[in-house]
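So the chains spell out like this:
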Amino acid sequence: MAAIAQHRVTHSTAFRVRKLRNQILFWFVISLFIIFACFPVYWMFVTTFKEVNDLYNLQNNPLLFHLPPTFEQVQYLFERTNFATWVENTAEVGGAVVLITVLICVPAAYALARVRFPGSGSLGIGIFLTYLVPPTLLFLPLSQLVAGFGLNNSKWSLALVYPTFTIPFCTWLLMGFFKNVPREITEAARVDGCSRLGAMFRVVLPLSVPGILTICIFAFTLAMQEYVYALTFVSSSDEKMITLGVVTDLIRGDVFFWGSLMAGALIVSIPVAIVYNLFMDTFVRGITGGALK
Amino acid sequence: MAELAQRRSVGLSNPGAWIGHVLDGEKLFGYVLVAPAIIYIILLVGYPFAIALWFTVSNATTAKPIAEFTGLTNLLAVWDDDIFRRALANTFIFTLTSQALQMILGTGLAFLLLKQFRGRRLVRGLLMIPFTIPIAIGAMAWTWMLNPTYSVINWIGVHAGLFTQGPNWLGEEYPAMISIILVNVWRNLPFSAVVLTAGISAVPQEILEAANLDGANWWVRWRKVIVPIIAPILYIALLFSLVFTFTDMTVVWLMTRGNPVGETHVIASYAFQTGIVAGSLGRGATMSLFLFPVLLVGALLLLRNLKARTID
């Protein structure tokens, strides 16, 4: 009897040890992944708030602060660069992209999701496939097209071009939202004498406000972080949007203003990272055309 | 019924209702609503694509966009260009290597994230960060981390005793290639992990338990049970991830500009260098067009998958 009890105790101790060992291993591996993912952000943070004398002193441990943190680099970004203009441009162009995207996507997605007409399936797939056409295939001809519109080196060229990727993405995302509104509701509205257009505006759209807001957020953030078209079409500093401004204007000749550059990087990253973290599943659903439920 | 007709005719007195009435045919209504999207795509994707095709057989430059027909001159010149050939090879090397690493690490990460543990949401949020910050910003942060003089990675490596000096990451051929692959993996790993997590958690628990009872080990469970079930999702995610990495120029352009001596260019970055920086639209467009066959295959595979899904 005592022997059995003894045996049980050792058994449960061995079990606990094994469990603990698994736990430690688990957190060790997870930590490696977290360090890999987050170290660059930590590094941006450290670089942003370091004194220049500390940052470029090779004798110091670069991971830590040796002089008290400073706002000098952030200040430089705000006062000695066009940062405020870039923020303004981002708001204006981003706003225009959102507007164009909503005006074009809402009706298109509604038709593809809720209206039966010949060819709707193929048109939907056609729109989705344009998402596969990358900027790097179109930037040369588009640069000529943009010049033809007299928008060369103007931020508005970006408002014209960015819907090429926001439209396919947002249309497919919205189709998902529209499909979730029960058909019976529109049918009831139709029986009550509502026209098709009326049913769309008075019944389905009000129920899809969350979906429409979601695509607004995506259209804005996709526009805000775009780089290739921005680099191709815009060269004057005061026409740049925030991402391009930060990664190009803080390099003067061979001199990189790393502190201010990372300050800008951090300011751009934080809002986008928060939004995308909140909407990660929706975003992935948008990218994969609803393959992921 | 009569009442309904009457209501509609009353509606005619105001213009909004009149438009609604005219659009009431289901076909017409559908076409009118899709038209803006289709017109936009034709004008800003279809038409430019046609111009790109014209560029490839002409000697257009940014200074002289009205050009003459030059036949296959561009294609032959591009094909003879050693840097371009290298870029072509690099595009495949970078894409395939980073994709393979992403899938392997992503699978491991997915299984870790499927466990229930304290702080799971926080951990997940932290792990998503690379995918959520703009790619240009991420590339810049890595460029700084791999700086020839102030590289923090080299500092850690030296102090951990891994090497005595550390490579000039972005200035030497192989370290630069490794850096580019590394940044691609860093950036896209969260995407792979999310897709795989969603896929695996959609596998019915009973099936796994049944396989377990039948004595299947984890490899057999993975290969014969999980993969076949999540294949459709995996397929789409893989396709998009491949296409985006394949056509991206941001990482290369910001980190190395294709240097040292053109050894790290990819098709897209070299096309930018040639077409925009050097202004040779014809040559640049010809290079970009090399992306197209891969995109076409991608599109066809996607199409097949979409059709299969609508039939289900």
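Owing to the predicted nature of the structure, the values given are computational and were not obtained by experimental measurement.

So, how was this worked out
Within each chain, residue numbers correspond to sequence positions counted from 1 in written order. Ligands are numbered from 1 and chains lettered from A, in the order in which they are written. With pLDDT at 70 or above as the cut-off, local features in this predicted model cover only qualifying residues; side-chain atom pairs require 80 or more to be listed or tallied, and sums for whole chains, interfaces and linings still use all residues. Helix and strand assignments follow DSSP, with helices taken as H or I runs no shorter than four residues and strands as E runs no shorter than two, numbered in order from the N terminus. Three exposure classes are used. Buried residues have 20 or more other C-beta atoms within 10 Å of their own C-beta, exposed residues have 12 or fewer, and partly exposed residues fall in between, all C-beta atoms being placed from the backbone. Each residue is represented by a C-beta atom placed from its backbone, and any two residues with such atoms within 7 Å are regarded as in contact. The globule rule used here is 2.2 Å times the number of residues to the 0.38 power, and the radius of gyration it is set against is calculated over C-alpha atoms. Fitted lines through C-alpha atoms serve as axes, helices being fitted only where they are in contact, and the angles separating the N-to-C directions of these axes extend from 0 to 180 degrees. Working rule for angles: under 35 degrees goes down as roughly parallel, over 145 as roughly antiparallel, 65 to 115 as roughly perpendicular, anything else as oblique. Residues are grouped as follows: nonpolar covers Ala, Val, Leu, Ile, Met, Phe, Trp, Tyr, Cys and Pro; charged covers Asp, Glu, Lys and Arg; every other residue, Gly included, is treated as polar. Note that domain bounds follow an automatic or database assignment of domains. One fewer than the residue count of a helix, multiplied by 1.5 Å, yields its expected span.

**With respect to the overall build of chain A**
- Secondary structure assignment for chain A yields 15 helices and two strands.
- With the C-alpha coordinates aligned to their principal axes, the bounding extent of chain A is approximately 80 × 75 × 30 Å.
- Counting over 293 residues, chain A shows a buried share of 46%.
- Contacts in chain A between residues at least 24 apart in sequence constitute 73% of all its contacts with a sequence separation of at least 6.

**Details of the overall build of chain B**
- When helices and strands are tallied, chain B shows 15 helices and zero strands.
- A compact globule built from 312 residues would reach a C-alpha radius of gyration of about 20 Å, whereas chain B, at 26 Å, exceeds it by more than 25%.
- Expressed along its principal axes, the backbone C-alpha trace of chain B runs to roughly 90 × 70 × 35 Å.
- Counting across all 312 residues of chain B, residues that qualify as buried make up 40%.

**Notes on the environment of A:C194**
All names here are of chain A.
- Topologically, C194 is positioned in the loop between helix 9 (183–191) and helix 10 (196–207).
- Taking the C-beta count within 10 Å as the criterion, C194 has 19 such neighbours and is therefore assigned partly exposed.
- In this structure, C194 is in contact with A189, A199 and R202, ignoring residues within four places of it in sequence.

**Concerning the packing of helix 3 (residues 72–80) of chain A against helix 14 (residues 258–278) of chain A**
Residues and elements named next belong to chain A.
- Their axes nearest at 8 Å, the elements helix 3 and helix 14 cross at an angle of 75°. Relative to helix 14, the element helix 3 is oriented roughly perpendicular. Facing helix 3, whose interface residues are Q73, V74, Y76 and L77, helix 14 presents G259, S260, A263 and G264.
- When its residues are assigned to classes, the contact of helix 3 with helix 14 shows four nonpolar, four polar and no charged.

**Thoughts on the interface of chain B and chain A**
- Taken together, the contact between chain B and chain A spans 83 residues of the former and 77 residues of the latter.
- Sort the elements by how many residues they give to the side of chain B that touches chain A and helix 3 (residues 26–56) of chain B lands first, with 19 residues.

**Focus: the domain arrangement of chain B**
- Each domain of chain B was delimited in the assignment, giving domain 1 (2–56) and domain 2 (73–311).
- With centres defined by C-alpha atoms, the gap from domain 1 of chain B to domain 2 of chain B works out at 40 Å.

**What to know about unusual backbone geometry**
- Of note, the bond from B:N259 into B:P260 is cis; its omega dihedral lies within 30 degrees of zero at -5°.
- Phi angles above zero are rare outside glycine, and A:N153 is one such case at about 60°.
- Mapping A:N153 onto the fold places it in the loop between helix 6 (135–148) and helix 7 (156–161).
- The phi dihedral of B:R257 falls on the positive side, at around 55°, and the residue is not glycine.

**Thoughts on the environment of B:N154**
- The topology assignment puts B:N154 in helix 8 (residues 152–159).
- Judged by C-beta crowding, with 22 C-beta atoms within 10 Å, B:N154 ranks as buried.

**Focus on the domain arrangement of chain A**
Residues and elements named next belong to chain A.
- Domain boundaries assigned for chain A yield domain 1 (2–70) and domain 2 (74–287).
- Relative placement of domain 1 and domain 2: their C-alpha centres are 38 Å apart.
- Each partner contributes to the interface: domain 1 provides seven residues, whereas domain 2 provides seven residues.
- Broken down by element, the side of domain 1 that touches domain 2 gets its largest block of residues, four residues, from helix 1 (residues 2–49).
- Residue composition of the side of domain 1 that touches domain 2, grouped by class: four nonpolar, two polar and one charged.

**A short note on helix 11 (residues 209–224) of chain A**
Residue and element names in this part refer to chain A.
- The end-to-end C-alpha distance of helix 11, which contains 16 residues, comes to 22 Å, matching closely the 22 Å that a straight helix rising 1.5 Å per residue would cover.
- Within the sequence span of helix 11, burial applies to G211, T214, I215, F218, A219, F220, T221, L222, A223 and M224.
- Those residues of helix 11 that are buried lie in contact with helix 4 (83–114), helix 8 (163–179), helix 13 (242–249), helix 14 and helix 15 (280–287).

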